[in-house]
Amino acid sequence: MFIVSLIARPGGLDAALVESLRNACGGGTVDWLAPDEAAEFPVATRPAEFDRLRAEVADMADLNLVAAEGRRKRMLLADMDSTMIQQECIDELAEEAGVGAHVKDITARAMNGELDFEGALIERVALLKGLPEAVIDRVVETRITLMPGGRTLLDRMHAEGGHCALVSGGFTAFTGRVAALLGFDENQANTLLVEDGLLTGEVGRPILGREAKVQALETITARLGLTPAEVLAVGDGANDLGMLGRAGMGVALHAKPSVQAQCELRVNHGDLTALLYLQGYMRDW
């Protein structure tokens, strides 16, 4: 048994569209998780026309198919940049260093899978050499904003007994603060090296990238006595693909095109509360 999920921006999900899709998929009774925002219905098997239907409604809503069994997960494993926050931290630091445009271009290409993540990170961090460490605090205070729905997502996951881990290819100077703001149980990231109060232009080794995120999933679940099938992972970049593919529910959130192409679950209209709808939670926040 599967669940066909439809999620739109608040007020953007039309009942007629939901009913039309239910008929096209041969689905069962429609359940509304949030009025005019999120609805779902069961189907016995994957609809033959699912991919076509998804493409047809892509401008109006996110159409996803999730397994009915075990859809509520016991652990959240989340990327940080452009996932739990709305920015890429290294891009914001680069703006302060006067190399913003160049670094943003490298970041975009790396997150789309066009460049090797580790090499691209080393190249970008080198451009930050000499930047005062104190700038990090200013960037956090003035440039970083949380992705909508993050606190709600973590509050519900915790209320259901879940564990929440933030695993980023970014930097501990940011993940520590974001984890504290949102209530993550733990966080992992790369370390910006500092000497005499200035960034050295180097990053600590080993570099946390795609494989390290998969390893974090394996290590944390083993420690908690969970299986990867019980994990909800969310990210937006190519370095997230490993953990998204390994988790029981891997969600590409406002992701790069190449990432969306390789992920079954995609959210482009909703915010982080969409991850609750995908698990079947009704809106009560």
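See the structure shown above.
In this text, all values refer to a predicted model and were calculated from it rather than measured experimentally.

The rules behind each value
- Residues numbered from 1 in each chain as written.
- Predicted model: local features only at pLDDT ≥ 70, side-chain atom pairs only at ≥ 80, totals over all residues.
- Heavy atoms only, no water.
- Core = buried A, V, L, I, M, F, W, Y, C linked by side-chain atoms within 4.5 Å.
- Buried < 20%, exposed > 50% of the residue type's maximum accessible area, 1.4 Å probe, protein only.
- Helix = DSSP H or I, 4+ residues; strand = E, 2+ residues; numbered from the N terminus.
- Contact = heavy atoms within 4.5 Å.
- Pairing = 2+ DSSP bridges.
- Axes fitted to C-alpha atoms, helices over the stretch in contact; angles between N-to-C directions.
- Lys, Arg positive; Asp, Glu negative; His and termini not counted.
- Salt bridge = Lys/Arg side-chain N within 4 Å of Asp/Glu carboxyl O.
- Polar contact = N/O pair within 3.5 Å; in protein donor to acceptor, adjacent residues only side chain to side chain.

Caption draft 1: Geometry of the nonpolar core. In terms of nonpolar packing, the biggest core is built from 59 residues, with Leu76, Leu93, Phe174, Phe184 and Val251 touching the most fellow members. Here this core takes five residues from helix α12 (residues 274–278), the largest share from any one element. Discounting chain neighbours no more than four positions away, the residues touching Phe174 are Met80, Cys89, Leu93, Ile136, Val139, Val140 and Ile144. Of all hydrophobic cores here, the second largest spans 19 residues; its members include Ala165, Ala216, Leu217 and Val259.

Caption draft 2: The sheet that holds strand β11 (residues 249–253), seen in detail. Pairing is parallel across the open sheet formed by six strands, whose spatial order is β7-β6-β5-β10-β11-β12. Since the sheet does not close on itself, it has two edges, and those belong to β7 (186–190) and β12 (265–267), each with one partner. Averaged over all adjacent pairs, the angle separating strand axes in this sheet is 20°, with direction ignored. Helix α8 (residues 172–182) contacts β6 (163–171) and β7 of the sheet and is inclined by roughly 155° relative to β6. In the packing of helix α9 (residues 210–224) onto the sheet, contacts are made with β5 (75–78), β6, β7 and β10 (231–235), and the angle to β6 comes to roughly 155°.

Caption draft 3: Highlighting the side chain of Asp62. On the secondary structure map, Asp62 appears in strand β4 (residues 62–67). No salt bridge is formed by the buried Asp62, whose closest oppositely charged neighbour, Arg9, lies at an N-O distance of 7.6 Å. At 2.9 Å, the side chain of Asp62 and the backbone nitrogen of Asn268 are in polar contact. In contact with Asp62, not counting residues within four places along its chain, are Ser5, Leu6, Ile7, Arg266, Val267, Asn268, His269 and Gly270.

Caption draft 4: Expanded view of the sheet that holds β4. The sheet built from four strands is open, its strands ordered β2-β3-β1-β4 with antiparallel pairing. In this open sheet, the two strands that pair with only one neighbour each are β2 (31–34) and β4. Sheet twist, expressed as the average angle between the axes of neighbouring strands with direction ignored, equals 25°. Across six bridges, the pairing between strand β1 (residues 2–7) and β4 is antiparallel. Considered in β4, the bridge of Ser5 is made with Asn64.

Caption draft 5: Focus on the pattern of salt bridges. Taken as a whole and assessed by the stated rule, the structure comprises 21 salt bridges. One salt bridge in this structure joins Arg71 and Glu40, with 3.0 Å as the shortest N-O distance. Residue Arg71 is found in the loop between β4 and β5, and its partner Glu40 is found in strand β3 (residues 38–43); the two are separated by 31 residues along the sequence. By relative accessible area, which is 7% here, Glu40 ends up buried.

Caption draft 6: Up close: the pairing of β5. Burial along β5 is two-sided: the face carrying Met75 and Leu77 and the face carrying Leu76 and Ala78 are both buried. Direction of pairing for β5 relative to β6: parallel, over a ladder of four bridges. In the sheet register, Leu76 faces β6, and the bridge partner there is Cys164. With four bridges joining them, β5 and β10 adopt parallel strand pairing. Considered in β10, the bridge of Leu77 is made with Ala233.

Caption draft 7: Structural view of the pairing of β2. In this sheet, β3 lies alongside β2 in antiparallel orientation, the contact comprising three bridges. Bridge pairing in β3 links Asp31 to Glu40. Hairpin connection from β2 to β3: three residues lie between these consecutive antiparallel strands, with Asp36 at a positive phi of about 60°.

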